[in-house]
Amino acid sequence: MALQRSTARVNDNARSSIDHVGIATFDLDALRALWCAAGFTVTTPKSLRALDASGASQSLRQRSCHAVFGHTYLELTEVERDALDHHLAPWLHTGAGLHILAFGDAQLEHRHAAVALAGLMPSAIAHATRFVNYGTRHGDAQFDWFMLPPVATPEGLVCMVRNTTRELVFQPEVQHHGNGALDIREVIVSAVEWQRTCARYTALLGLSPVVPRGEEAQFRLPGAILTVMSTSALRARYPLAIGDPPRDALAVLRIATSARARDLRLMRFAGSGPLLILEPA
């Protein structure tokens, strides 16, 4: 796929946006303590559940907690070590890291059909729930979602989600962070075959990227940017973001904050990646 260099604005009618990103681990308590120490307000861990074919609730063998921002959130999630068939298992074998990139789309069935037509082999649409007991509203948060096959997304679990109970998830009581974090600004994907990865995200999002420079492309979604870069371009710009040998990864997370410019923070969380950049909005 040959990408045309362009700085034009992308389609303002793009339906999909970044819903959340997630760091997966085998030790949620330690991971949560790390992010709390960095000034994030993180909710209490809760178990995730799904409905089986009969409508009965069953455990996903997974616990999660969240740092909730204005329109997006960060998920910290733990998978049981012996859950070898878990949908996050293909990425956890490399250890803890930023392994989840979830896009939100209210027209999930339409997006699923388009992705299937593009040959990306999405999973069937599934339903998941988690109990929310923070803030003033309590209840079961409801989600419909599908993912791309692991063989197609070596950088992490890439999925589309419809959050049908946003009023439960995005409560003001948990949206204030000591470090001033406001919202996810950009997720940067490192890709060995970056043009092929761009083609995949073009098909998934139904959106053409902007190519501002060199070996990178940007999908300018409502509220945030998804950037795909070659591993060499990423290493040149962010030497701490990726090691050797080059590999596909969700490598850099940029979060806008209310802090002053001189308070810009760049952090590398050992064992929990990625390179995290907190910067003034």
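Look above for the structure.
The shown structure was predicted, so the numbers you read here are calculated from the model rather than taken from an experiment. (Residues numbered from 1 in each chain as written. Predicted model: local features only at pLDDT ≥ 70, side-chain atom pairs only at ≥ 80, totals over all residues. Heavy atoms only, no water.)

(A) Structural detail: the overall build of the chain. Along its length, the chain carries six helices and 14 strands. Relative to its 281 residues, the chain shows a buried fraction of 53%. Pairs at least 24 apart in sequence give 65% of the contacts found in the chain among residues at least 6 apart. For the chain, the exposed surface amounts to about 12400 Å²; the carbon and sulfur share of it is 53%. (Helix = DSSP H or I, 4+ residues; strand = E, 2+ residues; numbered from the N terminus. Buried < 20%, exposed > 50% of the residue type's maximum accessible area, 1.4 Å probe, protein only. Contact = heavy atoms within 4.5 Å. Areas by Shrake-Rupley, 256 points an atom, 1.4 Å probe, with all protein chains shown as cover.)

(B) Quick peek at empty space enclosed by the protein. Applying the stated rule across the entire model yields two cavities of 30 Å³ or more. Reported here for the largest cavity is a volume of approximately 310 Å³. In this structure, the largest cavity is lined by 18 residues; those nearest its centre are His20, Leu48, Glu75, Ala128 and Trp145. For the lining of the largest cavity, the secondary structure elements donating two or more residues are β3 (57–68), β4 (73–79), β6 (126–132), β7 (139–147) and β8 (157–163). For the lining of the largest cavity, the residue count by class is eleven nonpolar, five polar and two charged. Its volume calculated, the second largest cavity comes out at about 70 Å³. Along its surface, the second largest cavity is lined by Thr43, Thr44, Lys46, Ser64, His66, Arg130, Phe131, Val132, Asn133 and Tyr134. The biggest single contributor to the lining of the second largest cavity is β6, with three residues. Of the residues contributing to the lining of the second largest cavity, the split by class is three nonpolar, five polar and two charged. (1 Å grid on protein atoms, 1.4 Å probe; cavity = no way out; pocket = protein on both sides within 12 Å on 5 of 7 lines; lining within 4 Å. Points joined across faces, edges and corners; volume = space filled by probe spheres on them. Nonpolar A, V, L, I, M, F, W, Y, C, P; charged D, E, K, R; others polar.)

(C) Structural context of the side chain of Thr43. Among the structural elements, Thr43 can be located in the loop between α1 (28–37) and β2 (46–51). Assessed through its relative accessible area of 7%, Thr43 is described here as buried. Apart from residues lying up to four places away in sequence, Thr43 is in contact with Arg32, Cys65, His66, Tyr134 and Val174.

(D) Representation of the pattern of salt bridges within the structure. Under the defined criterion, the tally for this structure stands at 15 salt bridges. In this structure, Arg200 and Glu155 form a salt bridge, with 2.8 Å as the shortest nitrogen-oxygen distance. One end of the pair, Arg200, is in helix α5 (residues 194–205); the other, Glu155, is in the loop between β7 and β8, and 45 residues separate them in sequence. Neither residue differs from the other here; Arg200 and Glu155 are each classed as buried. Linking Glu216 and Arg213 is a salt bridge whose minimum nitrogen-to-oxygen distance equals 3.2 Å. Connected through salt bridges with shared partners, the residues Arg185, Glu186, Arg254 and Glu279 form a single ionic network. (Salt bridge = Lys/Arg side-chain N within 4 Å of Asp/Glu carboxyl O.)

(E) Quick look at the pairing of β4. The element β4 is largely enclosed, with a buried count of seven among its seven residues. The side-chain alternation of β4 yields two buried faces, one formed by Tyr73, Glu75, Thr77 and Val79 and the other by Leu74, Leu76 and Glu78. Pairing analysis gives six bridges linking strand β1 (residues 17–25) to β4, with the strands arranged parallel. Paired with Thr25 across the two strands is Glu78, which belongs to β4. (Pairing = 2+ DSSP bridges.)

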